[in-house]
Amino acid sequence: MPKLTIDGKEVEVPKGTRLIEAARKLGIEVAHYCYHPGLPIAGNCRMCLVEIEKNPKLQISCHIEAADGMVVKTQSALAKQGRQNTLEFLLLNHPVDCPVCDQAGECKLQDYYMEHGLHDPKFDDNKVRKSKKAFPIGPNVMLDTERCILCSRCVRFTDEITKTHEFGIFNRGDHSEVGLVPGKSLDNPYSANVVDICPVGALTDRDFRFKCRVWYLGKTPSVCTGCSRGCNIEIDYDRLRPHKKAGHDRIMRFKPRENSEVNKWWICDAGRYSYKLIDHGRLVAAKQSGIDASLDAALGEVAGLLAKAREQGRSGRIGVLASPDMTNEELFLVRQLFREELSAALAFEMAEPAGHKDDFLITADKHPNRAGAREILGTGLAKGEELLARAARGDLVALLVFHWDIAALAGADRLAAAARGAPLYVFATHENRTTYAARFALPVANFAEQSGTFTNCQGRVQRIAKAVEPLGESRPAWKILCEFSDALRLGWTHESAESVFAELSASVHAFAGMSWQTLGHAGATWKQGQPQEAAAAR
Amino acid sequence: MEPMILDMLLKAGLGLIILGMVLNIAGLLTWVERKQSALMQDRIGANRAAIFGFTALGLLHGIADAVKMFTKEDCMPKGAHRFIFNLAPAISVAFAMAAFAAIPFGNTLTLFSRTINLQVAELDAALLFVLAAMSIAVYGVILAGFSSNSNYAVLGGMRAASQMLSYEMSMGLSILGLVLLNDTMNLQEMVRAQGGTWLGFIPRWGVFTQPLAFLVFTTAVLAETKRAPFDLPEGESEIIGYFVEYSGMKFGMFLLTDFIETVLAACLVSVFFFGGWQIPGLHATGFHFPWGTTIPLPPLAVSLLGVAAMMTKVVFFNWLFMALRWTLPRFRYDQLMHLGWKILLPASIANVLVTAAWVAWRG
Amino acid sequence: MAANVKVLKRRELTWWENTFLPSIYAGLVITSRHFFGNLAIHISHVFGLRKKERGSTTYQYPEEKRPLAHRYRTRHRLMKRDSGETRCVACMLCETICPAHCIAIVAKEHPDPDIEKMPASFDIDLGKCVYCGFCVEVCPEDAIRMDTGRLDIAAYSRGGMILNFDHLMNPELPVLDPAKPVAR
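Keep in mind the model is a prediction, meaning the values are calculated, not measured.

**Regarding the overall build of chain C**
- Helix and strand content of chain C: 5 helices and 5 strands.
- Each helix and strand of chain C, ordered N terminal to C terminal, gives the series α-α-β-α-β-β-α-β-β-α.
- C-alpha atoms of chain C, sized along the principal axes, occupy 85 × 65 × 30 Å.
- In chain C, buried positions account for 32% of the 184 residues.
- If you take every contact in chain C between residues at least 6 apart in sequence, the share linking residues at least 24 apart comes to 55%.
- For chain C, the exposed surface amounts to about 12300 Å²; the carbon and sulfur share of it is 58%.
- Of the side chains in chain C, 26 bear a positive and 22 a negative charge, and the two mean positions are spaced by 12 Å.

**Some points on the arrangement of the chains**
- The protein chains that touch form 2 pairs of chains, and the pair with the most contacts between them is chains B and C.
- When C-alpha atoms are compared, chain A and chain B, though not in contact, are closest at a spacing of 43 Å.

**A few points about the sheet that holds strand S21 (residues 452-455) of chain A**
Residue and element names in this part refer to chain A.
- Spatially, S21-S22-S23 is the arrangement adopted by the 3 strands of the open sheet, whose pairing is antiparallel. Among the strands making up the open sheet, the edge pair consists of S21 and strand S23 (524-525).
- Here 4 bridges tie S21 to strand S22 (residues 460-464), and the two strands are oriented antiparallel to one another. Considered in S22, the bridge of Phe454 is made with Gln462.
- Against the sheet, helix H9 (residues 328-341) makes contact with S21 and S22, and its axis sits at roughly 90 degrees relative to S21, the strand it touches most.

**Concerning the environment of Val508 of chain A**
Residue and element names in this part refer to chain A.
- Tracing the backbone shows Val508 in the loop between helix H16 (497-507) and helix H17 (516-519).
- Accessibility expressed as a relative area gives 2% for Val508, which makes it buried.
- Note: C-alpha distance between Val508 and Glu375 (133 residues apart in sequence) is 8.1 Å.

**Section: the layout of surface pockets**
- A volume near 1200 Å³ is recorded for the largest pocket.
- As for the largest pocket, its lining consists of 35 residues, of which Thr219 of chain B together with Thr19, Phe20, Leu21 and Ile24 of chain C are closest to the centre.
- Secondary-structure elements contributing two or more residues to the lining of the largest pocket are helix H8 (211-224), helix H10 (299-327) and helix H11 (333-362) of chain B together with helix H1 (15-18) and helix H2 (21-46) of chain C.
- It is H8 of chain B that provides the largest number of residues to the lining of the largest pocket, a total of 7 residues.

**So, the interface of chain B and chain C**
- With 16 residues of chain B at the contact, the number on the chain C side is 19 residues.
- Buried surface at the junction of chain B and chain C, both sides included, amounts to about 1500 Å², of which 66% is carbon and sulfur.
- Where chain B touches chain C, the interface holds 1 salt bridge.
- The salt bridge partner of Arg48 of chain B is Glu63 of chain C, with a shortest N-O separation of 3.0 Å.
- Between the two partners, chain B and chain C, sit 9 residue pairs in polar contact (both at pLDDT 80 or more).
- Within the residue set of the side of chain B that touches chain C, elements represented by two or more residues are helix H1 (2-40) and H10 of chain B.
- A total of 6 residues in the side of chain B that touches chain C trace back to one element, the largest contributor, which is H10 of chain B.
- Tallied by class, the residues present in the side of chain B that touches chain C amount to 10 nonpolar, 3 polar and 3 charged.

**As for the packing of helix H3 (residues 82-98) of chain B against helix H4 (residues 126-147) of chain B**
All names here are of chain B.
- Running from amino to carboxyl end, H3 crosses H4 at an angle of 160 degrees, the nearest separation of the two axes being 8 Å. Viewed along their axes, H3 and H4 adopt a mutual orientation that is roughly antiparallel. The handedness of the crossing between H3 and H4 is left-handed. Mapping the contact onto sequence places Ile84, Phe85, Ala88, Ile91, Ser92, Phe95, Ala96 and Ala98 in H3 and Phe129, Ala133, Ile136, Ala137, Gly140, Val141, Leu143, Ala144 and Ser147 in H4.

**Overview of a nonpolar patch on the surface**
- A cluster of nonpolar side chains, contributed by Ile5, Leu6, Leu9 and Leu10 of chain B, occupies part of the molecular surface with about 340 Å² of accessible area.
- Along the chain, the position of Leu9 of chain B falls in helix H1.

**Points about the packing of aromatic side chains**
- This structure, assessed with the given rule, holds 35 aromatic pairs over all chains.
- Each member of the aromatic cluster is reached from another via a ring pair, and the members are Trp205, Phe214, Phe217, Phe272, Phe273, Phe274, Phe316, Phe317, Trp319 and Phe321 of chain B together with Phe35 and Phe36 of chain C.
- Positioned above the aromatic ring of Phe208 of chain A is the side chain of Arg253 of chain A, whose terminal nitrogen or guanidinium carbon lies 4.6 Å from the ring centre.
- Against the face of Tyr59 of chain C rests Arg54 of chain C, its NZ or CZ located 5.5 Å from the ring centre.

**Digging into the nonpolar core**
- Ranked by internal contacts, the top residues of the largest apolar core, which has 73 residues, are Phe100, Ile103, Leu187, Phe217, Phe272, Phe273 and Met310 of chain B.
- The element that contributes the greatest number of residues to this core is helix H9 (residues 248-273) of chain B, accounting for 12 residues.
- The residues contacting Ile103 of chain B, other than those within four sequence positions of it, are Leu118, Gln119, Leu187, Leu264, Cys267, Leu268, Val271 and Met310 of chain B.
- Listed in part, the 57 residues of the second largest apolar core include Val320, Leu342, Phe440 and Leu442 of chain A.

About the cut-offs
Along each chain, residue indices are assigned from 1 in the same order as the chain's sequence is written. Following the order in which they are written, the chains are lettered starting with A and the ligands numbered starting with 1. With the structure being a predicted model, the display of local features is reserved for residues of pLDDT at least 70 and the display and counting of side-chain atom pairs for 80 or more, all residues being used for whole-chain, interface and lining totals. Hydrogens are left out, water is left out, and the side-chain values use all remaining heavy atoms of the structure. Counting from the N terminus, the helices are DSSP H or I runs at least four residues long and the strands are E runs at least two residues long. Exposed residues in this analysis have more than 50% of their type's maximum accessible area, buried residues have under 20%, and partly exposed residues fall in between, with area computed by a 1.4 Å probe over protein chains only. In this description, contact between two residues means that some pair of their heavy atoms is separated by no more than 4.5 Å. The protein chains shown are the only cover counted for residues, whose accessible areas, like all others here, come from Shrake-Rupley with a 1.4 Å probe. Asp and Glu count as negative and Lys and Arg as positive, but His and the ends of the chain are not part of the count. In this description, the location of a charge corresponds to atom NZ of lysine, CZ of arginine, CG of aspartate or CD of glutamate. A pair of strands is considered paired only if DSSP assigns at least 2 bridges between the two. To obtain each axis, a line is fitted to C-alpha atoms, and for helices this fit is confined to the stretch in contact; angles are then taken between N-to-C directions over 0 to 180 degrees. Here a cavity means grid points, on a 1 Å grid over the protein atoms only, where a 1.4 Å probe fits yet cannot get out; a pocket means an open set of points with protein on both sides within 12 Å along at least five of seven lines; lining residues are those with an atom within 4 Å of a point. Grid points are joined across faces, edges and corners, and a volume is the space filled by probe spheres set on the points. For any pair of parts, buried area is found by adding up, for both, the accessible area (1.4 Å probe) each one loses once the two are put together. Salt bridges are identified by distance alone: a Lys or Arg side-chain nitrogen within 4 Å of an Asp or Glu carboxyl oxygen. Under this definition, polar contacts are N or O atom pairs within 3.5 Å; protein pairs additionally need one hydrogen-donor-capable and one acceptor-capable atom, and for neighbouring residues in sequence, both atoms have to be side-chain atoms. Note on residue classes: Ala, Val, Leu, Ile, Met, Phe, Trp, Tyr, Cys and Pro are nonpolar, Asp, Glu, Lys and Arg are charged, and everything else, Gly too, is polar. Between 65 and 115 degrees an angle is taken as roughly perpendicular, under 35 as roughly parallel, over 145 as roughly antiparallel, and anywhere else as oblique. Left-handed describes a crossing in which the near helix is turned anticlockwise from the far one by less than a right angle; the clockwise case is right-handed. Surface patches are defined over residues having more than 30% relative accessible area and no salt bridge, joining like charges when they lie within 9 Å and nonpolar side chains (Val, Leu, Ile, Met, Phe, Trp, Tyr) when within 5 Å. Pairs were defined over the aromatic rings of Phe, Tyr and Trp, the Trp ring being its six-membered one, requiring ring centres within 6.5 Å. Orientation was assigned from the angle between planes: stacked under 30 degrees, edge-to-face over 60, tilted for the rest. Placement of a positive charge over a ring is assigned whenever Lys NZ or Arg CZ falls within 6 Å of the ring centre and within 35 degrees of the normal to the ring plane. Residue types Ala, Val, Leu, Ile, Met, Phe, Trp, Tyr and Cys, when buried and joined through side-chain atoms within 4.5 Å, form a set referred to as a nonpolar core.

Everything listed is a geometric property; what it means functionally is a separate question.
Laid out in structure tokens, this is it:
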């Protein structure tokens, strides 16, 4: 374990650690463009120059391995001057078209110019102009070679991470430019990650293009709900216009959030662009057979029905179809309310077509919380189809459906049969054929509009946070469940989803010892093998 | 019988002429006020009201104002005393105009062998009549404040009442000296007594015999008109007085009262202290200059010259009052009371005592 | 504490000053000087004399406009390129810096890739604008200026106070027409 000194502070790092990482360990950020912790070292931007004692020249800290007794100075006048000169060279042919560049505001050229540059340019010749300005290179990415500083991060990403090899750097000298290999298009399922790793505005997102300046964005850490991987994301929403108006979304984009245990730095394109579902096609008001209705009336009817069924001892004939799209907290409340209190007929799974999967991030299971649902509700439950069949037979007094679009999975005929047999109450985020067929459809908030936790396929419990207010009349499902409990006089006192989680961790073994504080924004994994054991024990 | 009816008709005609004249002067004063203040302040003044593009130097604004006043909605506050609320502006304007009956606008006029006294009401106690009329006009103001059912109007009415009563006192006392000197309360007689000169060139006007009374009376009568610097009862620009609840022509009548009273004040100052229709050196037969020259004039011309002299004096004092109004800032309330009770009243009493002593000594 | 307090005694007025007559006289002299001086000038004007002197400092506003200082900030306009297009590239710096949040821009793609970006809509709510001029100073393209000299800003509705892209490009248009409120 080499021990070295950086800026007067001693640090001990494993052998093979690069200086830039050792410095980061001390909280010292060395300016860099080409270095990326998820990619192989290239060392071609020359921005991370530091001064090493007994070394005649400045060295790039991303490439030099830490050695015992090294004395590194990142802030010496020489190092600063070196980085400034490097930056000046990098900016030689940069067009400085920040006003039209989407990267402006999160551009490393801007950041480091303010930090290291502020120089008077000595270059008074004409800048080299590339043949084409911005042009699309795939369904999701725009390329502007003039802005490129040839850090080759994108090339390394397609070579090493996706192994699709779309990018290359062509020509020589000041004519060299990044580009696609002839005959290829950047259309792999992880293509938009090159936008995130591009430190400048050369690669920009076509979807985000000109939609919003990045300094208008509010950022909330969350988890992608596209599949059971549970990739960590950051929800970027428009701070200036937090309320949805016609033609204007509140959520501007998703960005992957680093989590070395789950998704590292990456996210698939499908997950990245799933933000559109947050504002589009939403159920914003209670519907009675597809027509706007009073939410209070709908809630009152369901609550009254539950109370009446319990009074008459028929609560076992209430069908509840929960969903693996619900948070752990909501599933726990479902368990408490419908199993512990009412002993209702409970299910949370339905037969679904197998989803697309790959060997990197995308999983076949398209629900964010199936592991949590299995842990909390148990694995031995009936399938949703059985509940539908019971409803169609007239065996149920009511059928409560959370999130599932039954019409799409089981067919409109079986839905209609079930709806004829028992009153159907659907708690949904989006309008679909099931909400039209329901006696009442009640709007619930989606994952961007509430706080909670999901358990991903690895058994990792990860927090989501509220980024925007629930749309229209919708409210989080856990609040609706608490309202039902009030109607049944169960004496629940949950003020927030966090208090629900505290109760969950106290009563469900796999979550034991966890709290929102200990989870943080990186999450925590329950013990391997625990879920099955717990389920078997039950 | 017949001469009496003719006399009555003549007096009625004279009354109508004077009334029309006074109202016209009052109307013109709105224009004068705008234009004079504008000239004093390097502005142009109202010049936009036009008929077919003809603005007549802004004179039409008076007409436009009248049209506006008459066509405005006439509001009455909830809970106001309907009868008194309607009566108050009428009292104000009617008694202000009634006072003109006793003002002599000229000497006797001889037409077609009839002698007409150019004074509508030949009252021996004309002075008392004028003071009484002006006092009753105060009632209009007070009643307006009290009948409006508005705290602000009541406060305005209170301010008006205390101010008017304070200055009425000094006003009455200051003229007492003139009454003692001239031994009459008939205004026509008083004017006649101011004819002639001392040493041939100083007219025997009241302003020279009673200079202190002139200052006191002018100040007091200005206070009676409720205009700056004595506009605390009104305070149009900010505090708002007794007529805060009035609108339309009723408000217009209060406004008109102010201007009529200004004319009245000018008339009274001319009559008491500047010889009314007297022109120095002009006698019943023509001009007699001190160095012996005479210009003989027919009696009709002399009478008309007298009327013209009176008008000139009235116009001058109107101008002076306007100039004062646009020169001086408003008094503070304590200053107002201080001036009224501690300066004007003692001064007028002293004036009466000194005059009385002089009259007694002279025999 | 009291060391720095300077007590100023008011001068006692003399008996004669206490009557206020000298002050009133002095005031009347001043105002009368203006009155007769201006009156003389106005009368001279009628006869075509002393044309160079002004009897008043009044500007007869709608007909006669007061000359504006060169730096005076008036209603906004958007500048044009030689081709007649807007210079604005919708960088939103003005929208960002605006302390009154009166600017709302939506960007779109410009057909010329060398320009790349242009506003799809550009609204300024004059009802909110505080005329600070920050938008002019911050603009990197000299695309917005406040030099139209137009101060006649009034409308019958709040919606009527909103200038859209066309109005900003053509500042001579009578935009705040009460009969046609500008749609948002």
